[in-house]
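A look at the structure
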Amino acid sequence: MSSQSSTASYPILFVSFNQDNSGFAISTKDGFKIFDSSTGRLCYERAVGAFIIVEMLYSSSLLAIVGAGEQPSLSPRRICLFNTTTGSSLRELNFLTSVLAVRLNKKRLVVVLQEKTYVYDVNTLAILDTIDTVPNMKGLCAFSPSLDACFLALPASTSKGSVLVYNVMELQSHCEIDAHRSLLAAIVLSSNGMYIATASEQGTIIRVFLVSEATKSYSFRRGTYPSTIYSLSFGPSVQFQDILVATSSSGSVHVFSLGFALNQRSRRSNSFLGSILPESVNDVLDPGHHDVLHNAFPAGVKSCAVVRKVDRVNDTSSAEFLTYRASISIITHNGFFQEYTLASKRTPLTAVRASWSLEREFNLLTTIADR
């Protein structure tokens, strides 16, 4: 999960969590910093100028970094594979136009330019494929790092919200999904490659598709009024139904439960009204049962949020209770880190009961290494 700042007014230029959300990187006009997500400890910093991309490979010493172009040595057309242990460059890749996004796992390196995307072998840096894309000036993309279901998602249209899903290991197109009538604003793949979530520039509806079948699985209403979706992120897909977190320009954090939506859909489809309504109407009526943290940060401040951990809470009172506790980390481009615990409990017949608890908050710009 990564996010570039779209305006120079933010002190943070770039935010990126690693593939399992155990660490994150930020960059400023002075350099970049690497943090441990669970403790907030500053693990590494380098003050050599501005960077627009800092991508981690899990918790290893390898970074893929791209300069902001404020110095000749920090060209935005060059990727440097950097070793934090030795503090030295390992390899470099140069391009004719600016690099807009970089994604990597233990086998592949993906480089997104405005109209082309390149796939490399991460060990040899041999180029494996070149994907011609529609103009993608924001470098919008999503990546599932799993080697078993390693997918890349890119915009597929300049007139509507279509997504190209490409299999990075098999080096072939997997499918194209028509997700929205208006252009895409955010896309994310679950870490296991099972789901892709999309939001359009309207920002009112978030849709989730099953990648293997290219079919819509869920629709969530974020709100009634348009809002810019800054980030989308799935929770870890281990021993629990997936949850999806979104941040928006309203300053709110939204958490949607895929498991609860599935239960609700099953109940509705078995009802008389659900059986006669067309799919388009059902899409609008999909319940907005989700947990919202209002005013988590100032409206209009760009943000990035991930679900680091989800635990099911045992509740023997009813088999239909869906109860969980999630750790959610939020980074705002004005320089702050927040971690909340969300305790959520819901049943098909009762209202949502949720509580948000702020566990930690600190200024990323003033954090020092011996924190």
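Everything below is about the structure shown above.
Residues numbered from 1 in each chain as written. Predicted model: local features only at pLDDT ≥ 70, side-chain atom pairs only at ≥ 80, totals over all residues. Heavy atoms only, no water.

**Here's the deal with unusual backbone geometry**
Phi is positive for A214, which is not a glycine, with a value near 55°. Its place among the elements puts A214 in the loop between β20 (205-210) and β21 (215-221). Residue A214 is classed as partly exposed on the basis of its relative accessible area of 31%. Although it is not a glycine, N295 adopts a positive phi angle of roughly 55°. On the basis of relative accessibility, which here comes to 65%, the residue N295 falls in the exposed class. (Helix = DSSP H or I, 4+ residues; strand = E, 2+ residues; numbered from the N terminus. Buried < 20%, exposed > 50% of the residue type's maximum accessible area, 1.4 Å probe, protein only.)

**Observations concerning the side chain of N21**
If you trace the backbone, N21 turns up in the loop between β2 (14-17) and β3 (23-27). N21 sits in the buried class, given a relative accessible area of 11%. A distance of 3.4 Å separates a polar side-chain atom of N21 from the backbone oxygen of V307. Contact partners of N21, with chain neighbours within four places excluded, come to S37, V306, V307 and R308. (Polar contact = N/O pair within 3.5 Å; in protein donor to acceptor, adjacent residues only side chain to side chain. Contact = heavy atoms within 4.5 Å.)

**Some thoughts on the sheet that holds strand β15 (residues 151-155)**
With antiparallel pairing, 4 strands are arranged side by side in an open sheet as β14-β15-β16-β17. Edge strands, defined here as strands with exactly one partner in the open sheet, are β14 (142-143) and β17 (172-180). Across 7 bridges, the pairing between strand β16 (residues 161-167) and β17 is antiparallel. Within β17, the residue paired with V165 across the bridge is C175. (Pairing = 2+ DSSP bridges.)

**Some remarks on the packing of aromatic side chains**
The tally for this structure, following the rule as stated, stands at 15 aromatic pairs. Each ring, one from F24 and one from F337, has its centre 5.4 Å from the other, and the planes form 5°; the classification is stacked. Of this pair, F24 sits in strand β3 while F337 sits in strand β28 (residues 336-347), and the two are 313 residues apart along the sequence. Comparing F24 with F337, the two get one shared label, buried. Ring plane angle 45° and centroid distance 6.4 Å describe the contact between Y118 and Y120, whose orientation is recorded as tilted. According to the relative accessible area criterion, Y120 is buried, its value standing at 7%. An aromatic cluster of three or more residues is present, and its members are F17, F24, F35, F337 and F362. If you follow K106 out to its NZ or CZ, it ends over the ring of Y58, 5.1 Å from the centre. (Phe/Tyr/Trp six-rings, centres within 6.5 Å; stacked < 30°, edge-to-face > 60°. Lys NZ or Arg CZ within 6 Å of the ring centre and 35° of its normal.)

**Looking at the nonpolar core**
In this structure, F32, V54, I79, F95, V99, L109 and V111 are the most contacted members of the largest nonpolar core, which totals 32 residues. Where this core is concerned, the elements lending two or more residues are β4 (32-36), β6 (51-56), β7 (62-67), β8 (78-83), β10 (101-104), β11 (108-112) and β12 (116-121). It is β7 that contributes the most residues to this core, 5 residues altogether. Setting aside its immediate chain neighbours within four residues, F95 contacts R77, I79, V111, L113, Y118 and Y120. (Core = buried A, V, L, I, M, F, W, Y, C linked by side-chain atoms within 4.5 Å.)

**Quick notes on the environment of L147**
Within the fold, L147 resides in the loop between β14 and β15. For L147, a relative accessible area of 39% puts it in the partly exposed group. Considering only alpha carbons, one finds L147 and V168, 21 residues apart in sequence, at a separation of 9.0 Å. Excluding its chain neighbours within four sequence positions, the residues that come into contact with L147 are N105, K107 and M169.

**So, the side chain of R108**
Residue position: R108 is located in strand β11. Here R108 is buried and forms no salt bridge, its nearest opposite-charge partner D121 lying at an N-O distance of 4.2 Å. Of note is the side chain of R108, whose polar atom sits 3.4 Å from the backbone oxygen of M169. If we ignore the near neighbours within four places in the chain, the residues touching R108 are R103, V119, Y120, D121, V122, L128, V168, M169 and L171. (Lys, Arg positive; Asp, Glu negative; His and termini not counted. Salt bridge = Lys/Arg side-chain N within 4 Å of Asp/Glu carboxyl O.)

**Observations concerning the pattern of salt bridges**
Following the criterion strictly, the structure yields 8 salt bridges and no others. E92 is the salt-bridge partner of R78, the closest N and O atoms lying 3.5 Å from each other. Taken together, the residues span a long stretch of sequence, with R78 in strand β8 and E92 in strand β9 (residues 88-94) at a distance of 14 residues. Looking at R78, the relative accessible area reads 22%, which means it is partly exposed. What makes E92 partly exposed here is its relative accessible area of 42%. The shortest N-O distance in the salt bridge between R308 and E339 comes to 3.0 Å. Of the two residues, R308 is situated in strand β26 (residues 303-312) and E339 in strand β28; the sequence distance between them amounts to 31 residues. Among the ionic contacts, a cluster of salt bridges with common partners joins R308, E339 and R360.

**So, the sheet that holds β11**
Spatially, the 4 strands line up as an open sheet ordered β10-β11-β12-β13, and their pairing is antiparallel. Looking at the sheet topology across the chains shown, the edges are occupied by β10 and β13 (127-132). The sheet shows a mean angle of 15° between the axes of neighbouring strands, taken without regard to direction. Bridge count between β11 and β12: 5 bridges; the pairing is antiparallel. Across the sheet, R108 pairs through a bridge with D121, a residue of β12. (Axes fitted to C-alpha atoms, helices over the stretch in contact; angles between N-to-C directions.)

The analysis is restricted to geometry; functional conclusions fall outside its scope.
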